[in-house]
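# Coordinates in review
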Amino acid sequence: MIIFDLKCAAQGHVFEAWFGSSEDYEAQAARGLVSCPICGGSDVDKAPMAPRVGAKGNQSADIPPEAVKAALAGMAEAQKKMLETSEHVGDRFPDEARAIHLGETEARAIHGRASPADAASLRDEGVPIAPLPFPVPDPGTEN
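Being a predicted model, the structure only gives us computed values, none of them experimental.

Calculation criteria
- Residues numbered from 1 in each chain as written.
- Predicted model: local features only at pLDDT ≥ 70, side-chain atom pairs only at ≥ 80, totals over all residues.
- Heavy atoms only, no water.
- Helix = DSSP H or I, 4+ residues; strand = E, 2+ residues; numbered from the N terminus.
- Contact = heavy atoms within 4.5 Å.
- Areas by Shrake-Rupley, 256 points an atom, 1.4 Å probe, with all protein chains shown as cover.
- Buried < 20%, exposed > 50% of the residue type's maximum accessible area, 1.4 Å probe, protein only.
- Pairing = 2+ DSSP bridges.
- Axes fitted to C-alpha atoms, helices over the stretch in contact; angles between N-to-C directions.
- Parallel < 35°, antiparallel > 145°, perpendicular 65-115°, else oblique.
- Nonpolar A, V, L, I, M, F, W, Y, C, P; charged D, E, K, R; others polar.

So, on to the overall build of the protein chain. A tally of regular secondary structure across the protein chain gives four helices and six strands. The N-to-C order of helical and strand elements in the protein chain reads β-β-α-β-β-α-β-α-β-α. By sequence separation, contacts in the protein chain at least 24 residues apart represent 45% of the contacts at least 6 residues apart. As displayed, the protein chain has an accessible area near 9,700 Å², and 55% of this comes from carbon and sulfur atoms.

Have a look at this one:
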């Protein structure tokens, strides 16, 4: 596990992000999957600081595996409940979210897919959206 301090270009927010390796960060950033958790900006780069890597001899700096597993299980359960209580709208997500925000259709919980550009546009318009913590396959597709 490697921890990077990242900085968004739009607002200058500095935040911490965890990746399996430096290559994982580069691949996710290249695909537009790394965004600022404060403002949602997708123009993010490494802050001018060295990455922090847990050392075997410094157990106080490491998070116990049980705590990581429990946190991930809690996030997965919360996401499961969100998905069970919301409507899947697929690629129509940007249009549906915008219509709900503008009062053009009934207010309801929805989930679906939006490109990074669509998500940025929605945030710029003041539409409240949030990414799901784990990838979700479309209904009816194989994993």
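If a strand is regular, its side chains alternate between the two faces of the sheet. Within strand β1 (residues 2-8), six of the seven residues are buried, leaving the element largely enclosed by the surrounding structure. The pairing of β1 with strand β2 (residues 14-19) spans six bridges and is classified as antiparallel. Directly across from Ile 2, in β2, lies its bridge partner Phe 19. In sequence, β1 turns back onto β2 through a hairpin of five residues, with Gly 12 there showing a positive phi of about 80°. Alignment of β1 against strand β3 (residues 44-46), held across three bridges, turns out to be antiparallel. Pairing of Cys 8 across the sheet is with Val 44, part of β3.

A few words on the packing of helix α3 (residues 93-101) against helix α4 (residues 116-124). The geometry of α3 relative to α4 is characterised by a closest axis approach of 10 Å and an angle of 5° between their N-to-C directions. It follows that α3 is roughly parallel to α4 by the angle criterion. When α3 is examined against α4, the residues Phe 93, Pro 94, Ala 97 and Arg 98 are found in contact with a partner set consisting of Asp 118, Ser 121 and Leu 122. For the contact of α3 with α4, the residue count by class is four nonpolar, one polar and two charged.

Looking now at α3. Those residues of α3 not exposed but buried are Phe 93, Pro 94, Glu 96, Ala 97, Ala 99 and Ile 100. In this fold, the buried residues of α3 make contact with β5 (87-90), β6 (110-112) and α4.

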